[in-house]
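Examination of the molecular architecture
Listed below, chain by chain, are the residues.
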Amino acid sequence: MDWCRYRFRSVWQLAAPPDAVYAVLERAEEYPRWWPQVREVVPVDELTSTARFRSLLPYDLVVTAEARRRDPVARVLEVALRGDLEGWARWTLTSRSRGTRAVYEQEVEVTSPLMRRLAVPGRPVFRANHALMMRAGRRGLAARLAGPAESGASRPATGDSGPV
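In this text the structure is predicted, and so the values were computed from the model without any measurement.

Calculation criteria
Residues numbered from 1 in each chain as written. Predicted model: local features only at pLDDT ≥ 70, side-chain atom pairs only at ≥ 80, totals over all residues. Heavy atoms only, no water. Helix = DSSP H or I, 4+ residues; strand = E, 2+ residues; numbered from the N terminus. Rg over C-alpha atoms; globule rule 2.2 N^0.38 Å. Buried < 20%, exposed > 50% of the residue type's maximum accessible area, 1.4 Å probe, protein only. Contact = heavy atoms within 4.5 Å. Areas by Shrake-Rupley, 256 points an atom, 1.4 Å probe, with all protein chains shown as cover. Lys, Arg positive; Asp, Glu negative; His and termini not counted. Charge placed at Lys NZ, Arg CZ, Asp CG, Glu CD. Phe/Tyr/Trp six-rings, centres within 6.5 Å; stacked < 30°, edge-to-face > 60°. Lys NZ or Arg CZ within 6 Å of the ring centre and 35° of its normal. Salt bridge = Lys/Arg side-chain N within 4 Å of Asp/Glu carboxyl O. Polar contact = N/O pair within 3.5 Å; in protein donor to acceptor, adjacent residues only side chain to side chain. Pairing = 2+ DSSP bridges.

Description of the overall build of the protein
Scanning the protein for helices and strands turns up four helices and eight strands. Ordered by position from N to C terminus, the α and β elements of the protein give β-α-α-β-β-β-β-β-β-α-α-β. Computed over the C-alpha atoms, the radius of gyration of the protein is 15 Å, within 12% of the 15 Å expected from 2.2 N^0.38 for a compact globule of 164 residues. Projected onto its principal axes, the C-alpha positions of the protein cover 45 × 30 × 25 Å. Put simply, the protein has 164 residues, and 44% of those count as buried. Long-range contacts, defined here as pairs at least 24 residues apart, represent 53% of the contacts in the protein between residues at least 6 apart. By element, 54% of the accessible surface of the protein is carried by carbon and sulfur atoms, the whole surface being about 8,700 Å². Computed over 26 positive and 19 negative side-chain charges, the separation of the two mean positions in the protein equals 7 Å.

Put into structure tokens, the structure is as follows:
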């Protein structure tokens, strides 16, 4: 087992139509407005941005994300990642009777020297840190989709499966 490789999968049920969810997710530069652990997203060009993340651990991860797939018809968003994490991340959205099923998948290798040194003892902590970040993202996205009138009390969003 390569202790520096991670594979995550989260499934979110959101009370909004898939096109509305896609419209929010495709604007990565706005993630910091609704996802607390996404501290900063800076566009570099039409396809590329740099992003800085921090969850509970007092450590920032910085990546460059480059769009590989942006398909509003299939409702798929995928980026290649490089920097402190190397790999890819993808959103796949499907319609459900009461809204949207959003599947987030990520396969990465940690390249940050500190995280590589802590790979074995830190792995459970890193996975838990990621799961907390995803839960907060689901809550933030649900509140964003609920609109300004309900932003303090978001619509129900259920089903964060956490890391795989």
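Now that the structure has been shown, the text picks up again.
Side note on the packing of aromatic side chains
Within the structure shown, the criterion is met by seven aromatic pairs. Taken together, the ring pairs connect W12, Y31, W34, W35, W91 and Y104 into an aromatic cluster. If you follow R123 out to its NZ or CZ, it ends over the ring of Y6, 4.2 Å from the centre.

A closer look at the side chain of Q37
Summarising the element assignment, Q37 is placed in the loop between α2 (31-34) and β2 (38-43). When its relative accessible area of 14% is taken as the criterion, Q37 is described as buried. Setting aside chain neighbours within four positions, we find Q37 in contact with R52, F53, R54, S55, M133 and A136.

With respect to the pattern of salt bridges
Counted under the stated rule, the structure contains 16 salt bridges. Ionic pairing is found between R5 and E109, a salt bridge with its closest N-O pair at 3.2 Å. On the criterion of sequence distance, the pair formed by R5 in strand β1 (residues 5-14) and E109 in strand β7 (residues 99-110) is long-range, its members being 104 residues apart. Residue class for R5 comes out partly exposed when judged on its relative accessible area of 47%. Ionic pairing is found between E78 and R68, a salt bridge with its closest N-O pair at 2.3 Å. Residue E78 is found in strand β5 (residues 76-83), and its partner R68 is found in strand β4 (residues 61-71); the two are separated by ten residues along the sequence. Given a relative accessible area of 11%, E78 falls into the buried group. The structure contains a network of salt bridges with shared partners spanning D2, R5, E109 and R116.

Some points on the environment of R54
Topologically, R54 is positioned in the loop between β3 (48-53) and β4. Spatially, the C-alpha atoms of R54 and Q37 are 5.1 Å apart, while their sequence positions differ by 17 residues. Side chain to side chain, R54 and D60 meet in a polar contact 2.6 Å long.

With respect to the pairing of β3
Both β2 and β3 contribute to a ladder of five bridges, which runs antiparallel. Following the sheet pairing, P43 is matched in β3 by S49. The hairpin formed by β2 and β3 contains four residues between the paired strands.

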